Structures are given as C-alpha cells and as structure tokens.
Amino acid sequence: MTAQLIDGKLIAQQVRDDVAAEVAKRTAAGKPQPVLATVLVGERVDSATYVAAKGKACQDLGMGSVNHHLPANINQEDLEKVISDLNADKSISGILVQLPLPSHLNEERVLQLISIEKDVDGFSPINIGRLAQKGREPLFVPCTPYGCIYLLEQAGVKIEGANAVVLGRSNIVGMPAALLLIGKNATVTVCHSKTKDLPGVIRQADILIAAIGRTEMVRGDWIKPGAAIIDVGINSKPDASKKSGYRLVGDVNFDEAKEVAGFITPVPGGVGPMTIAMLMKNTLRAAQIQQGEI
Ligand code: NDP
C-alpha cells in the first residue's frame, strides 16, 4: 500500500470530543443544552437506524434529542405543522427531517419551511444558495460534504489550485461537495451518469470525491498517482465469509486504488462516521447562533 489512510473514525471522534467539551462548558455556565429534533416519516428501516444513531450521538455528547416519528401516510399539511411548531419551539436548536420522504410528500416545500437558523442539515434553499454564491457563507454546511472537506484538510491535502473531480451531483452530497471545493479555490469538474470517458476525466484529478452508489466502480488505473480519494459510497457486496453474507464497500476499488493514490478513505470507517460528527457540530453551532454567541 502506498496511499496514506485517512482515518475517518479517529477524526470523527476528535470532532465529537471537541463538541462534547464545548457542550459541557456551556452547560456548566448555565446555558441551555443544545437539542436536536429529528423528524422521521414512515417505517424505512435504514432511515430509522440513521435517526436512532443521531439521537444516540446527541446523548453521548451531552446534547438533548427528540424524535417525531410520523405515520407514512401523513399529509403535507400535518407534516408542515410539525415543522412550524419545531421552528417556534425555543427549546429546539436544530431540526433534521430524515430523507427520503414518502413520494406523496413535497420534500422541497418541507425543507424550505425549516427555519434557516435551525437547518442543521444545511439543505434549505437559502443555505444552498449561499453556498453557491461567491463571498457568501451558509449558516450550516451539509454534513456529508462538510465531512469530506474536513477529512481532506485534516490529512493536509492542498485544495487550493488542485484539480478536483466530484463523481455524482446529488443535492445532498455531490453538488454541495463541488460548491465547497470551488469555495476553497479548487478547479472542479462534476461527473454524472451522462459523463463521457469517466476514466479519462478522473485521471486528471488531484482530488476525487466519489458519491454515486456503484460498487467499486472506480478502478485503480483510473486514478492519478498521488491523488487524494474520498469515497462516500456505501454499497453492500456479497461476501460468503461474513455471517451477514455481505460486506460494505465504497464506489472506489480500495485494493487497487490504495496502490496508486496518495491518500484514501476506507469504507467503512471513512466518510461515514464524519456525517454524524458534523451534524453534532452543526447542532452545537445552531445553539450558539440562537444564543447570539456567533
Ligand atoms: P444519488 O443516487 O442521489 O446520486 C447518485 C449520483 O451518481 C447521481 O448524480 C448520478 O448521476 C451519479 N451516477 C450514478 N451512476 C453513475 C455512473 N454509472 N456513472 C457516473 N455517475 C453515476 O446518491 P447520493 O448522492 O445520495 O449517494 C451516493 C452514495 O453515497 C451512495 O452510496 C450513498 O449510500 C452514499 N452516502 C453516504 C453517506 C455517508 O454518510 N457516508 C451519506 C450520503 C450518501 P445522475 O445525476 O446523472 O443521475
């Protein structure tokens, strides 16, 4: 292996420790505890698992959490009422609506309704709009892309002036990751399902953020020697040696890529732990904004 491993588990733990220390300091000073409200609609097992992990992280770090678990057939009006009530509730610091919502609900309208000062997922159109504008700052940076950039910075990868390729253009990962890299003065190419000659484009990348959800699609010979690889993908691959019958792998073929890249994140243990760590950081930030501290 030639690449340096970027240990997301370790870096996420450091972020969590910093947040916990700041929360303890605030609590000792008599300030209200940061509280995250999660809104879960329906019975998707993956969504319920993510929401439970977020609640547990709040508890571990000394923050409060409340979960609103709503029926899958809730109508738009009733869901919007829940959000409006959370916006008005002074005890709530941050609001997170677990996506995806059932298809009969208008996700855009729901995200738009979340008060910008409580939008800890950073998905409201105002936050994303600010991210896209030169010289403007969003109040909150979306958690997974924030984690990707944080990992690059912690590893000492130079972003300014780098050729960066973002593979995937989703609203929650690819597009905000590209905007963040542009804000840090990288030259950015965004690839998607219609991109021609993907290997050729990726071979130009000093930095690659892969977020497509395609099992080990990026091969070792697509990678520029010395490049920094951030693998966001989470895919299950059949593996008879595991009790579950599968193991988790990324969008990049790790075994091949690690022989060529300069830096690489593993899956699991790379970007995954960063998403919740950055959510905790954003929830603390929400409490600080609401108290007029920043
Ligand atoms: P989406 O399905 O929303 O978006 C996938 C993107 O990849 C789209 O832009 C799509 O292109 C592009 N794409 C799909 N197939 C190809 C292909 N063969 N070649 C080129 N581009 C392709 O996914 P998400 O952004 O939500 O998630 C991406 C991955 O990241 C998933 O594996 C997900 O599980 C993981 N993830 C991990 C998180 C973490 O915490 N570690 C958090 C969030 C996601 P087009 O736009 O043209 O359709």
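Nothing here was measured: the structure is a model prediction, and the numbers come from that model.

Caption draft 1: Summary view of the overall build of the protein. Helix and strand content of the protein: 10 helices and 11 strands. A compact globule built from 294 residues would reach a C-alpha radius of gyration of about 19 Å, and the protein, at 19 Å, matches this within 12%. Each principal axis of the C-alpha atoms in the protein carries an extent, and together these give about 55 × 40 × 40 Å. Burial status across the protein gives 49% buried among its 294 residues. Considering only residue pairs separated by 6 or more positions, the protein has 69% of its internal contacts joining residues 24 or more positions apart. Of the accessible surface of the protein, which amounts to about 14100 Å², a share of 51% is contributed by carbon and sulfur atoms.

Caption draft 2: The arrangement of the packing of aromatic side chains in detail. Evaluation of the coordinates by the stated rule reveals 0 aromatic pairs. The ring of Phe140 has Arg285 sitting right over it, with the charged end atom 6.0 Å from the ring centre.

Caption draft 3: Molecular detail of the sheet that holds strand 2 (residues 35–41). On the basis of which strands lie adjacent, the open sheet formed by 3 strands has the order 3-2-4 and parallel pairing. Each edge of the open sheet is held by one strand with a lone partner, namely strand 3 (64–70) and strand 4 (94–97). Between one strand axis and the next, the sheet turns through 15° on average, direction left out of account. Note: strand 2 against strand 3, 7 bridges, orientation parallel.

Caption draft 4: Structural context of the pattern of salt bridges. For the structure on display, the rule yields 14 salt bridges. Lys25 is the salt-bridge partner of Glu22, the closest N and O atoms lying 3.5 Å from each other. On the criterion of helical spacing, the pair formed by Glu22 and Lys25 is a turn pair, its members being 3 residues apart in helix 1 (residues 8–28). Given the relative accessible area of 24%, Glu22 is considered partly exposed. Across the pair Lys224 and Asp206 runs a salt bridge whose closest N-O atoms are separated by 2.7 Å. You can see Lys224 sitting in the loop between strand 7 (207–210) and strand 8 (228–231) and its partner Asp206 sitting in the loop between helix 8 (198–202) and strand 7, a full 18 residues away along the chain. Look at Lys224 and you get partly exposed, because its relative accessible area is 30%. When salt bridges that share partners are traced, they join Arg16, Lys56 and Asp60 into one network.

Caption draft 5: The arrangement of the side chain of Lys54 in detail. Position of Lys54 relative to the elements: it lies in helix 2 (residues 45–60). At 5.5 Å, Asp121 is the nearest oppositely charged side chain to Lys54, a buried residue that forms no salt bridge. For Lys54, the residues in contact, after removing those within four places along its chain, are Leu36, Leu96, Gln98, Ile276, Leu279 and Met280.

Caption draft 6: Summary view of the domain arrangement of the protein. One can read the domain layout of the protein as domain 1 (31–115) and domain 2 (143–273). Just the C-alpha atoms count here: the centres of domain 1 and domain 2 sit 29 Å apart.

Caption draft 7: Structural detail: the side chain of Asp119. The residue Asp119 is located in the loop between helix 4 (107–113) and helix 5 (125–132) in this model. Arg130 provides the closest opposite charge to the buried, unpaired Asp119, separated from it by 9.5 Å. Residues in contact with Asp119, not counting those within four places in the same chain, are Ile95, Ile114, Ser124, Asn127 and Phe140.

Caption draft 8: Here's a closer look at the environment of Tyr150. Within the element layout of this structure, Tyr150 appears in helix 6 (residues 143–154). The sequence separation of Tyr150 and Ala210 amounts to 60 residues, and the corresponding C-alpha distance is 15 Å.

Caption draft 9: Representation of the site of the ligand within the structure. Taken together, 21 residues are adjacent to the ligand, and Arg169, Ser170, Ser193, Ile234 and Thr275 come closest. Here a nitrogen atom of the ligand and a side-chain polar atom of Arg214 are 3.1 Å apart. Coverage of the ligand by the protein chains reaches 71% of its 930 Å² of free accessible surface. Counting residues per element, the shell around the ligand draws most heavily on helix 10 (residues 271–290), at 3 residues. Tallied by class, residues from the shell around the ligand come to 9 nonpolar, 10 polar and 2 charged.

Caption draft 10: Just the sheet that holds strand 8, in detail. Read across the open sheet, the 6 strands follow the order 1-11-8-7-5-6; overall the sheet is parallel. This sheet does not close on itself; its edge strands, each paired only once, are strand 1 (4–5) and strand 6 (187–191). Here strand 5 (residues 163–167) pairs with strand 7 via 4 bridges, running parallel. When the bridges of strand 7 are listed, Val166 appears paired with Ile209.

Calculation rules
- Residues numbered from 1 in each chain as written.
- Predicted model: local features only at pLDDT ≥ 70, side-chain atom pairs only at ≥ 80, totals over all residues.
- Heavy atoms only, no water.
- Helix = DSSP H or I, 4+ residues; strand = E, 2+ residues; numbered from the N terminus.
- Rg over C-alpha atoms; globule rule 2.2 N^0.38 Å.
- Buried < 20%, exposed > 50% of the residue type's maximum accessible area, 1.4 Å probe, protein only.
- Contact = heavy atoms within 4.5 Å.
- Areas by Shrake-Rupley, 256 points an atom, 1.4 Å probe, with all protein chains shown as cover.
- Phe/Tyr/Trp six-rings, centres within 6.5 Å; stacked < 30°, edge-to-face > 60°.
- Lys NZ or Arg CZ within 6 Å of the ring centre and 35° of its normal.
- Pairing = 2+ DSSP bridges.
- Axes fitted to C-alpha atoms, helices over the stretch in contact; angles between N-to-C directions.
- Salt bridge = Lys/Arg side-chain N within 4 Å of Asp/Glu carboxyl O.
- Lys, Arg positive; Asp, Glu negative; His and termini not counted.
- Domains from an automatic or database assignment.
- Near = heavy atom within 4 Å.
- Polar contact = N/O pair within 3.5 Å; in protein donor to acceptor, adjacent residues only side chain to side chain.
- Nonpolar A, V, L, I, M, F, W, Y, C, P; charged D, E, K, R; others polar.

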